[in-house]
Amino acid sequence: MNAVTTTARPDPSREGAAPEGAAAPSDSPARARVRTPAGSLRSEHAGSTVLVDGWVQRRRDHGELVFIDLRDRSGLLQVVFDAQFLPSPDLLARAKELRSEFVVEVEGEVVSREGDAINDDLPTGHVELRASRLEILSRSETPPFPIEDGVRASEDLRLKYRYLDLRRPEMSRNFVRRSDVTYRIRQVLHEEGFLEVETPILTKSTPEGARDFLVPSRVHPGEFYALPQSPQLFKQLLMVSGMERYYQIARCFRDEDLRADRQPEFTQVDLELSFPSEETVFALVEKLFAAVFPPSGIPCPTPFPRMTWAEATERFGIDRPDTRFGLELRTLDLSSSPSEVLRSAPRAKGIAVPGGAAFARKRLDDLETAAKSLGAGGLVWIKLQGDLPGGFNSNAKKLLDEATLAGIRSTLSAKDGDLVLVVAGKEKTVNDVLASLRVQLAREEKLIPAGRFDFLWVTEFPLLEWHEDDRRWYATHHPFTSPRAEDLPFLESDPGRVKARAYDVVLNGMELGGGSIRIHQPEVQSRVFATLGIGPEEARAKFGFLLDAFRYGAPPHGGLALGLDRMLMVLSGAASIRDVIAFPKTASGSCLMTDSPGPVSEDQLRELGIAHAPGVRAPKG
């Protein structure tokens with residue numbers, strides 16, 4: 001068996017290059033030859049004899065000349081079947097059989113393209129492969145949509161035929177990048193002395209965060225495992241175990257409502273360190289980001305700016321602010337307003353929109369509708385126009401006297417031609433509404449600078465948040481986050497005053513990750529549990545293994561989890577997180593390709609000790 005000699009070698013530093021010398025099954029002489037990635041061929045390879053494999057992107061038949069564009073993961077290559085150079089007329093006849101998405105193997109000579117035949121739009125555009133052998137490895141039906149970038153097919157159709165969608169170059173590039181990013185992350189963390197450790201997928205339900213996915217146990221009837229929402233407790237136990245520095249590219253599961261940047265199963269870069277300070281974590285993540293973002297053209301100057309939670313919510317109404325543009329919120333003094341509603345509101349804030357006085361009435365009505373949909377009782381708009389009576393127009397003229405209007409203008413530094421938007425009510429509602437309108441208006445008015453990326457650390461979150469509906473405290477992050485030492489005296493007497501040693505890393509208004517320094521002292525953990533309404537018996541039932549571990553010398557520890565899928569969404573410029581996950585779910589949590597979730601048989605349920613609930617589908621047949 002003769003090997004094909006070739007001088008073409010893939011460049012391992014080039015994105016998309018496949019490994020050299022992919023081995024072939026021993027029962028096929030042709031497949032045992034050395035394969036060259038089609039997209040790796042360049043002018044310097046002219047004269048080489050190579051073997052390429054891939055999919056037919058398209059075929060062009062010119063009688064005695066047949067051209068095909070051959071696609072593999074590394075790119076496109078033009079292959080020509082020229083009758084005057086073919087060893088047999090049968091080869092030309094077989095080339096004419098080729099259709100889109102046929103899988104073929106072609107052997108031939110790399111030749112230079114000259115003059116108008118050169119295609120500068122392709123990396124391989126200065127060469128083509130003059131075929132001398134063709135093997136059709138697999139035939140294809142007509143695909144339900146073209147396998148090309150910019151395809152006009154619905155997302156549902158693409159997800160149903162995801163294995164075809166992933167062939168498209170722009171999708172393939174996303175997963176080449178994903179592999180490269182995880183490789184770089186591992187490099188950095190190994191250099192920093194971290195150990196990669198896998199933690200269990202089948203674990204115990206500890207419902208303190210999102211809803212768990214439950215897995216019934218056959219050998220323990222009536223009992224359930226839970227899929228992990230994160231490896232939180234196990235990574236803390238690894239610190240007690242003396243591992244000191246742990247990481248994992250971890251699969252996590254949360255049964256929660258979905259959106260563009262959320263899936264029921266997702267991947268996070270999970271980190272935990274012993275003996276850290278917040279600065280240790282910040283420096284590590286900044287080094288990791290500096291290794292990941294610049295190769296994709298995103299600058300990552302370090303250190304990142306810092307902002308407290310209190311400042312972020314005061315200025316931007318949200319704890320993950322987009323700092324690339326203005327439209328900042330300002331607290332307003334409405335104490336002189338003729339309106340009792342405005343005077344007595346717990347909080348009033350406003351924003352000034354440059355040039356917004358030109359907005360049509362319908363657009364203002366749409367903004368008010370959006371504000372009400374987010375919980376506001378209403379939205380006050382004020383057009384500042386010097387040529388109008390009083391210098392303004394508003395949907396709430398009767399609520400504004402001269403002093404109130406002057407105060408609003410001064411506080412917001414608003415000028416003629418601007419639009420002022422005011423919301424009054426409970427602080428959370430005011431912040432939520434104006435934070436949303438701020439981003440909406442910035443997008444609509446094109447106030448966000450193109451190509452700008454603002455990284456930010458948000459720090460000093462409240463340890464706890466009060467829920468009025470069931471009148472109890474909940475952990476802002478999770479119940480294992482450490483309070484600041486100086487706030488511990490207020491844990492029982494004034495829980496809302498206590499700040500956490502917690503931090504989030506944010507990019508352009510998107511949370512990329514969050515973490516904290518953890519509680520490592522049993523007595524502090526018990527106090528936090530008690531404030532959350534978790535008594536000793538419940539704490540023992542849910543977290544006894546962790547509390548027991550803390551009795552045997554737990555080091556101070558902390559860490560962070562980074563959303564790998566969200567990072568890849570930014571790095572790829574994808575509109576949806578689904579474009580960077582190989583086999584994602586729809587917004588309703590379904591997989592259109594496998595038709596899951598689906599029913600199971602009565603026998604399976606009976607074996608697990610589970611009865612069909614009303615409305616549960618039985619399997620077909």
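Residues numbered from 1 in each chain as written. Predicted model: local features only at pLDDT ≥ 70, side-chain atom pairs only at ≥ 80, totals over all residues. Heavy atoms only, no water.

### A closer look at the nonpolar core
Step number 1: Ile 185, Leu 189, Phe 289, Phe 293, Leu 512 and Leu 562 are the most contacted members of the largest nonpolar core, which has 41 residues in total.
Step number 2: Per-element tally for this core: the top contributor is helix H6 (residues 278-292), with 7 residues.
Step number 3: Dropping the residues within four chain positions of it, Leu 512 is found in contact with Phe 289, Phe 293, Val 505, Val 506, Leu 507, Ala 561, Leu 562, Gly 563, Arg 566, Met 567 and Val 570.
Step number 4: Within the second largest apolar cluster, 31 residues are counted, among which are Val 498, Phe 543, Ala 549 and Phe 550. (Core = buried A, V, L, I, M, F, W, Y, C linked by side-chain atoms within 4.5 Å. Buried < 20%, exposed > 50% of the residue type's maximum accessible area, 1.4 Å probe, protein only. Helix = DSSP H or I, 4+ residues; strand = E, 2+ residues; numbered from the N terminus. Contact = heavy atoms within 4.5 Å.)

### Digging into the confidence of the model for the protein chain
Step number 1: Of the residues in the protein chain, 92% reach a pLDDT of 70 or more, and the chain-wide mean stands at 91.
Step number 2: Across residues 1-31 the pLDDT falls below 50, and counting only partners more than four positions away or on other chains, this stretch makes 57 contacts in the model. (pLDDT = per-residue confidence, 0-100.)

### Digging into unusual backbone geometry
Step number 1: The step from Thr 302 to Pro 303 runs through a cis peptide bond, and the omega angle for that step is -5°.
Step number 2: Residue position: Pro 303 is located in the loop between H6 and strand E11 (306-308).
Step number 3: That bond from Ser 596 to Pro 597 is cis: its omega, 5°, falls within 30 degrees of zero.
Step number 4: One non-glycine residue, Leu 327, lies in positive phi territory at about 55°.
Step number 5: With respect to the element layout, Leu 327 can be found in the loop between helix H7 (309-316) and strand E12 (330-331).
Step number 6: Judged by its relative accessible area of 9%, Leu 327 is buried.
Step number 7: At Arg 471, a position not held by glycine, the phi torsion is positive, near 50°.
Step number 8: Position of Arg 471 among the secondary structure elements: in the loop between strand E18 (464-467) and strand E19 (472-475).

### A closer look at the packing of helix H9 (residues 361-373) against helix H11 (residues 427-444)
When two helices pack together, their arrangement is captured by the angle between the axes and the distance separating the axes.
Step number 1: Contact geometry of H9 with H11 gives a least axis separation of 10 Å together with a crossing angle of 145°. In this structure, H9 crosses over H11, and the sense of that crossing is right-handed. Taken together, the residues of H11 that come into contact with H9 (itself represented by Arg 363, Leu 367, Ala 370 and Ala 371) are Val 433, Leu 437, Gln 440, Leu 441 and Glu 444.
Step number 2: Of the residues in the contact of H9 with H11, the class split is 6 nonpolar, 1 polar and 2 charged. (Axes fitted to C-alpha atoms, helices over the stretch in contact; angles between N-to-C directions. Left-handed = near helix turned anticlockwise from the far one by under 90°. Nonpolar A, V, L, I, M, F, W, Y, C, P; charged D, E, K, R; others polar.)

### Some points on the pattern of salt bridges
Step number 1: Under the counting rule described, the total for this entry stands at 57 salt bridges.
Step number 2: In this structure, the salt-bridge partner of Asp 69 is Arg 60, at a minimum N-O distance of 3.2 Å.
Step number 3: Overall, Arg 60 belongs to the partly exposed group, its relative accessible area being 26%.
Step number 4: Among the charged side chains, a salt-bridge network with shared partners connects Arg 158, Arg 162, Asp 165, Arg 168, Glu 170 and Asp 579. (Salt bridge = Lys/Arg side-chain N within 4 Å of Asp/Glu carboxyl O.)

### Quick look at the sheet that holds strand E6 (residues 195-196)
Step number 1: Strand order in the open sheet formed by 8 strands is E6-E9-E10-E22-E21-E20-E17-E11, and the pairing between neighbours is mixed. The two strands at the open ends of the sheet, each matched to only one other strand, are E6 and E11.
Step number 2: The pairing of strand E10 (residues 265-274) with strand E22 (residues 557-563) spans 7 bridges and is antiparallel. Considered in E22, the bridge of Gln 268 is made with Gly 563. (Pairing = 2+ DSSP bridges.)

### Let's talk about the packing of aromatic side chains
Step number 1: One pass over the full model with this rule turns up 14 aromatic pairs.
Step number 2: Pairing Phe 289 with Phe 304 gives two aromatic rings, centres 6.2 Å apart and planes at 35°, and the pair type is tilted. Residue Phe 289 is located in helix H6, and its partner Phe 304 is located in the loop between H6 and E11; the two are separated by 15 residues in the primary sequence. Taken as a pair, Phe 289 and Phe 304 share a single burial class, namely buried.
Step number 3: Connected via pairs of aromatic rings, a cluster forms that spans Phe 282, Phe 289, Phe 293, Phe 304, Phe 455, Trp 457 and Tyr 503.
Step number 4: Above the ring of Tyr 161, the side-chain terminus of Lys 160 is found at 5.9 Å from the ring centroid. (Phe/Tyr/Trp six-rings, centres within 6.5 Å; stacked < 30°, edge-to-face > 60°. Lys NZ or Arg CZ within 6 Å of the ring centre and 35° of its normal.)

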